[in-house]
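What follows is each chain in one-letter form.
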Amino acid sequence: MPGDHARLSPSAAERWFACPGAPSAEEGLPEITSPAASEGTRAHTILEQALTERKPVKYFREQTDDDEMLRHVGAAWALILGYQGTSGTLDIEVKTDAGASMGRDDLYGTADAVIWHGTHLTVLDLKYGKWPVSPVANKQLQIYAVGAAAQAAGSAETITLGIIQPRTEGPPLKLHTMTRAELVSFEHELKQAASATDSPDPPLNAGDHCRFCRAASHCPARI
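Owing to the predicted nature of the structure, the values given are computational and were not obtained by experimental measurement.

### Observations regarding the packing of helix H3 (residues 35-53) against helix H4 (residues 67-84)
It is the contact of H3 with H4, at a shortest axis distance of 10 Å, that shows an interaxial angle of 45°. The angle between the axes of H3 and H4 places the two elements in the oblique class. Crossing hand, H3 versus H4: right-handed. Facing Glu39, Arg42, Ala43, Ile46, Leu47, Ala50 and Leu51 of H3, the residues of H4 in contact are Met69, Val73, Ala76, Trp77, Ile80 and Leu81.

The structure is reproduced here in structure tokens:
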């Protein structure tokens, strides 16, 4: 959902789990833009169009003259459709509302692809950057899974989290499977982490999670 950013964004979950004060500190500050971010947005746009129309990425060449991007996004397109197979149900650019069951309206996000094979839920996310990302204990994907499972009336018995990174070394699709009990356990952690950000004076904690924080340049925890 372009332009629709939750206060507790799943993509920033590593930050606000570690630093409950980050959402309040960032409030009202402009989004951080960079060539890499713009490149990632363009790659996601092409992927969404190709998946929606069920056409190979080569048909969307008018979106970019970057042949490398077309090749990598094409690989992501093939991986997602291949994982769906003939029996899976695929939803693209799905708004997953993890906060709904907690009475929150500030904890939601958009998953690139949500696939159901019976009671098995898979959440796949394209990372166009070259910085390796693991699906293991990945808070962003787990939050998407919490929302998707809730919207399906909790019918997920097993959950697979997948990171698609065609520009990194190693396999372009990395998967991690968890049980329903493990997802429920994470949901409890999620509730606690979200509640911690509601404090009138939530703590600010510096660390690696500050990397993309909009308030990092004037944060007292970093001085």
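### What to know about H4
Here H4 is 18 residues long and its end C-alpha atoms lie 26 Å apart, about the 26 Å a rise of 1.5 Å per residue gives. For H4, the elements touching its buried residues are H3, strand E1 (89-96), strand E2 (109-117), strand E3 (120-126) and strand E4 (158-164). Among the residues of H4, the N-terminal cap falls to Asp66, whose side-chain oxygen and the backbone nitrogen of Glu68 are separated by 3.0 Å. Backbone geometry just downstream of H4 places Gly85 in the positive-phi region, at approximately 65°.

### Examining the environment of Leu173
Topologically, Leu173 is positioned in strand E5 (residues 173-179). Residues in contact with Leu173, not counting those within four places in the same chain, are Leu79, Tyr83, Leu124, Gly162, Ile163 and Ile164.

### Some words on the packing of aromatic side chains
Counted by the stated rule, this structure contains two aromatic pairs. Relative to Phe17, the ring of Trp16 lies with its centre 5.2 Å away and its plane at 35°, an arrangement referred to as tilted. Relative accessible area serves as the criterion here: at 2%, Trp16 is assigned to the buried category. Relative to Phe186, the ring of Phe17 has its centre 6.0 Å away and its plane inclined at 10°; by these criteria the two rings are stacked.

### Considering the sheet that holds E3
Taking strand neighbours across the sheet as the criterion, the five strands line up as E1-E2-E3-E4-E5 in an open arrangement whose pairing is mixed. Pairing within the sheet leaves two strands with one partner each, and these edge strands are E1 and E5. Direction aside, neighbouring strands of the sheet carry axes that sit 25° apart on average. As paired elements, E3 and E4 share seven bridges and run parallel to each other. Across the sheet, the residue bridging to Thr122 is Thr160, located in E4. Contacts from H3 reach E1, E2 and E3 within the one sheet, and its direction differs from that of E1 by about 140°.

### Here we look at the environment of Leu79
Within the fold, Leu79 resides in helix H4. Residue Leu79 is classed as partly exposed on the basis of its relative accessible area, which comes to 23%. Distance from Leu79 to Gln140, taken between C-alpha atoms, is 20 Å for residues 61 residues apart in sequence. Beyond its immediate stretch of four places on either side in the chain, Leu79 contacts Ile164, Pro172 and Leu173.

### What to know about the environment of Ala137
Summarising the element assignment, Ala137 is placed in the loop between E3 and helix H5 (139-151). Residue classification places Ala137 among the partly exposed positions, given a relative accessible area of 47%. For the pair Ala137 and Phe186, spaced 49 residues apart in sequence, the C-alpha to C-alpha distance is 9.1 Å. Sequence-distant contacts of Ala137, defined by excluding residues within four places in its chain, comprise Glu14, Gln142 and His176.

### Re the pattern of salt bridges
Applying the stated criterion across every chain, the model contains 13 salt bridges. Put simply, Arg214 and Glu31 hold a salt bridge, and the shortest N to O gap is 3.6 Å. Of the two residues, Arg214 is situated in the segment after helix H6 (180-196) and Glu31 in the loop between helix H2 (22-26) and H3; the sequence distance between them amounts to 183 residues. Judged by its relative accessible area of 46%, Glu31 is partly exposed. Here the salt bridges share partners, and the residues they tie into one network are Arg7, Arg104, Asp106 and Asp198.

Rules and cut-offs
- Residues numbered from 1 in each chain as written.
- Predicted model: local features only at pLDDT ≥ 70, side-chain atom pairs only at ≥ 80, totals over all residues.
- Heavy atoms only, no water.
- Axes fitted to C-alpha atoms, helices over the stretch in contact; angles between N-to-C directions.
- Helix = DSSP H or I, 4+ residues; strand = E, 2+ residues; numbered from the N terminus.
- Parallel < 35°, antiparallel > 145°, perpendicular 65-115°, else oblique.
- Left-handed = near helix turned anticlockwise from the far one by under 90°.
- Contact = heavy atoms within 4.5 Å.
- Expected span 1.5 Å × (residues − 1).
- Polar contact = N/O pair within 3.5 Å; in protein donor to acceptor, adjacent residues only side chain to side chain.
- Phe/Tyr/Trp six-rings, centres within 6.5 Å; stacked < 30°, edge-to-face > 60°.
- Buried < 20%, exposed > 50% of the residue type's maximum accessible area, 1.4 Å probe, protein only.
- Pairing = 2+ DSSP bridges.
- Salt bridge = Lys/Arg side-chain N within 4 Å of Asp/Glu carboxyl O.

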